[in-house]
Amino acid sequence: MPDDFDVLNNIKDTETNIAKCPTCGAIMVYSPRKRALLCEYCGVTKDVNLQSFTKEQPFHILEEADSTKWGRDTHTFICNNCGAKTILGKGEVSKKCPFCGTTNVVESNEIPGLKPNGIVPFNIEKDEASDNIKAWAKKKFFAPKAFKESATPEELSPVYSPVFSFDAITYSTYSGRLGEYYYETVRTSDGKTKQVRKTKYFTIRGSIDVTFDDLLVRASSRITQKDLNVLGDFNSNNANEYANEFLYGYSAETSERTGLDCFSDASDMMRGIIRSKILAKYDYDVVDYLDFDVTYTDRSFKYLLLPIFIGHCNYRSKLFNVFVNGYNGKVSGKTPISPWKVLIVVLIIAIIVALFGILLYYYEV
């Protein structure tokens, strides 16, 4: 644990980067609607480079770099708008100046360690994201009616969240034992007959090739992998080359996990997909065991910043986190559950099961 002197020694002065309107001098921000920098005071726009796309990076870079260093130290950022100095905390690359309200972006070459090589710019505005959350809440069947009618996102913040995107070609050899159910009619001690389920096992062996393209793995703790998966497509294959201009007006995080840690998660995800593809080749009812070895070739990665709106809905003094894909508007999150709706569904299922049991009994008789 470093002492206070060590912490103070790690604080570095960092110049920030902003864009000023050439007409009125106000601070410009990136506008998803305009797909350009926009002066919100006089409406002047300035083009950004949307035709420069990021490229895959060779995997050995991850093995040689420590991605957690980017933004590890605390920085004193100097606002280029008003000159104020404030602390830029761990993991932040853009922050609003508390004195003039300007969103300041730290130059990536001022921060040591692995840096993003790509970014997916925000494609929708905050008001559209808020409307999408309200529509999403209305479709949640098990949510209380009062929540669905009043759900309004609070503190909805547009944040660029870091992820690693992985490509790989895999070759796997496998062996296993699967089983198929079959039924035999047997006579019981009271002279009646019944169907008895049995299992016929068979062995499998073979190989399979599976190619993975842009498998996204979270590098921040603010969003779970499950939520990231639900948010769906970010068009990451067409991510722009990283440029500070896309961050003007937005917050951004740096990675809290190394690229190799993220690849470990990615390899687990790949193995799950490979397993499913192996099993899809056979007709079976039960898996006794399935062993396979995976060989990876042509591995590559991109270190991306993805656009995500992060907020929460308040219901009966409880906060329910919600996320919106800043590219396509898809929503993920949690809602309260109505116990009455759950009880009704359980009762309906119980009635259906009971009726099925009665019909089956009379059929056998």
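Above: the structure in question.
Being a predicted model, the structure only gives us computed values, none of them experimental. (Residues numbered from 1 in each chain as written. Predicted model: local features only at pLDDT ≥ 70, side-chain atom pairs only at ≥ 80, totals over all residues. Heavy atoms only, no water.)

With respect to the overall build of the chain
Logical step 1: A count of helical and extended segments in the chain gives 7 helices and 17 strands.
Logical step 2: Here the chain holds 365 residues, and the buried ones make up 43% of them.
Logical step 3: Long-range pairs, those at least 24 residues apart, make up 72% of the contacts in the chain between residues at least 6 apart in sequence.
Logical step 4: Approximately 20200 Å² of the chain is accessible, and the part contributed by carbon and sulfur atoms is 51%. (Helix = DSSP H or I, 4+ residues; strand = E, 2+ residues; numbered from the N terminus. Buried < 20%, exposed > 50% of the residue type's maximum accessible area, 1.4 Å probe, protein only. Contact = heavy atoms within 4.5 Å. Areas by Shrake-Rupley, 256 points an atom, 1.4 Å probe, with all protein chains shown as cover.)

Focus on the pairing of strand β15 (residues 286-315)
Logical step 1: Summarising the sheet, strand β5 (residues 57-58) and β15 pair through 2 bridges and their orientation is antiparallel. Paired with Q57 across the bridge in β15 is F301.
Logical step 2: The sheet contact formed by strand β10 (residues 118-119) and β15 spans 2 bridges and is parallel. Looking at the pairing, I119 lines up with L305 of β15.
Logical step 3: Taken together, the 24 bridges between strand β11 (residues 153-187) and β15 define a ladder with antiparallel strand orientation. What sits directly across from T170, in β15, is Y296.
Logical step 4: Pairing of β15 with strand β16 (residues 318-325), which is carried by 8 bridges, proceeds in the antiparallel orientation. Across the sheet, C313 pairs through a bridge with F320, a residue of β16. (Pairing = 2+ DSSP bridges.)

A closer look at the pattern of salt bridges
Logical step 1: Tallied over the full model, the rule gives 8 salt bridges.
Logical step 2: Among the ionic pairs, R33 bridges to E125, the shortest N-O distance being 4.0 Å. Of this pair, R33 sits in the loop between β2 (28-31) and β3 (36-39) while E125 sits in the loop between β10 and α3 (126-138), and the two are 92 residues apart along the sequence.
Logical step 3: For R33, a relative accessible area of 57% gives the class exposed.
Logical step 4: Residue E125 is classed as buried on the basis of its relative accessible area of 19%. (Salt bridge = Lys/Arg side-chain N within 4 Å of Asp/Glu carboxyl O.)

A look at the packing of aromatic side chains
Logical step 1: In this structure the tally under the stated criterion is 15 aromatic pairs.
Logical step 2: Taken together, a centroid distance of 4.9 Å and an interplanar angle of 75° make the contact between F122 and Y160 edge-to-face. You can see F122 sitting in the loop between β10 and α3 and its partner Y160 sitting in strand β11, a full 38 residues away along the chain.
Logical step 3: With a relative accessible area of 0%, F122 lands in the buried category.
Logical step 4: The ring of Y201 has R177 sitting right over it, with the charged end atom 4.0 Å from the ring centre.
Logical step 5: Over the aromatic face of F59 sits the side chain of R299, whose NZ or CZ is 3.9 Å from the ring centroid. (Phe/Tyr/Trp six-rings, centres within 6.5 Å; stacked < 30°, edge-to-face > 60°. Lys NZ or Arg CZ within 6 Å of the ring centre and 35° of its normal.)

What to know about the pairing of strand β12 (residues 193-218)
Logical step 1: One ladder, built from 24 bridges, connects β11 with β12; its direction is antiparallel. Residue pairing across strands places Y171 opposite D209, the latter belonging to β12.
Logical step 2: Counting the residues in the hairpin turn of β11 and β12 gives 5 residues, including G191, whose phi is positive at 90°.

Things to note about the sheet that holds strand β4 (residues 45-46)
Logical step 1: Read across the open sheet, the 3 strands follow the order β2-β3-β4; overall the sheet is antiparallel. Both outer strands of the open sheet, β2 and β4, are each paired with one neighbouring strand and no more.
Logical step 2: Of the strand pairs in this sheet, β3 and β4 are connected by 2 bridges, and their pairing is antiparallel. From the neighbouring strand, L38 faces β4, where its bridge partner is T45.

Some remarks on a nonpolar patch on the surface
Logical step 1: A surface patch of nonpolar side chains, about 440 Å² in accessible area, is lined by F141, F142, I337, V342 and V346.
Logical step 2: Following the sequence through the fold, V346 ends up in helix α7 (residues 339-364).
Logical step 3: Take V346: its relative accessible area is 47%, and that puts it in the partly exposed class. (Patch = residues over 30% accessible without salt bridge, like charges linked within 9 Å, V, L, I, M, F, W, Y side chains within 5 Å.)

Remarks on unusual backbone geometry
Where the residue is not glycine, phi is negative for most of them; where a peptide bond is considered, it is trans in most cases.
Logical step 1: Even without being a glycine, D214 presents a positive backbone phi close to 55°.
Logical step 2: As for its placement among the helices and strands, D214 is situated in strand β12.
Logical step 3: In this model, D298 sits at a positive phi of 50°, which is unusual for a non-glycine residue.
Logical step 4: By the secondary structure assignment, D298 is in strand β15.

Considering the environment of K200
Logical step 1: Secondary-structure assignment places K200 in strand β12.
Logical step 2: The exposure class assigned to K200 is exposed, which follows from its relative accessible area of 57%.
Logical step 3: Between the alpha carbons of K200 and Y284 there is a distance of 9.6 Å; along the sequence they are 84 residues apart.
Logical step 4: If near-sequence neighbours (up to four positions away) are discounted, K200 is found in contact with L178, G179, E180 and Y182.

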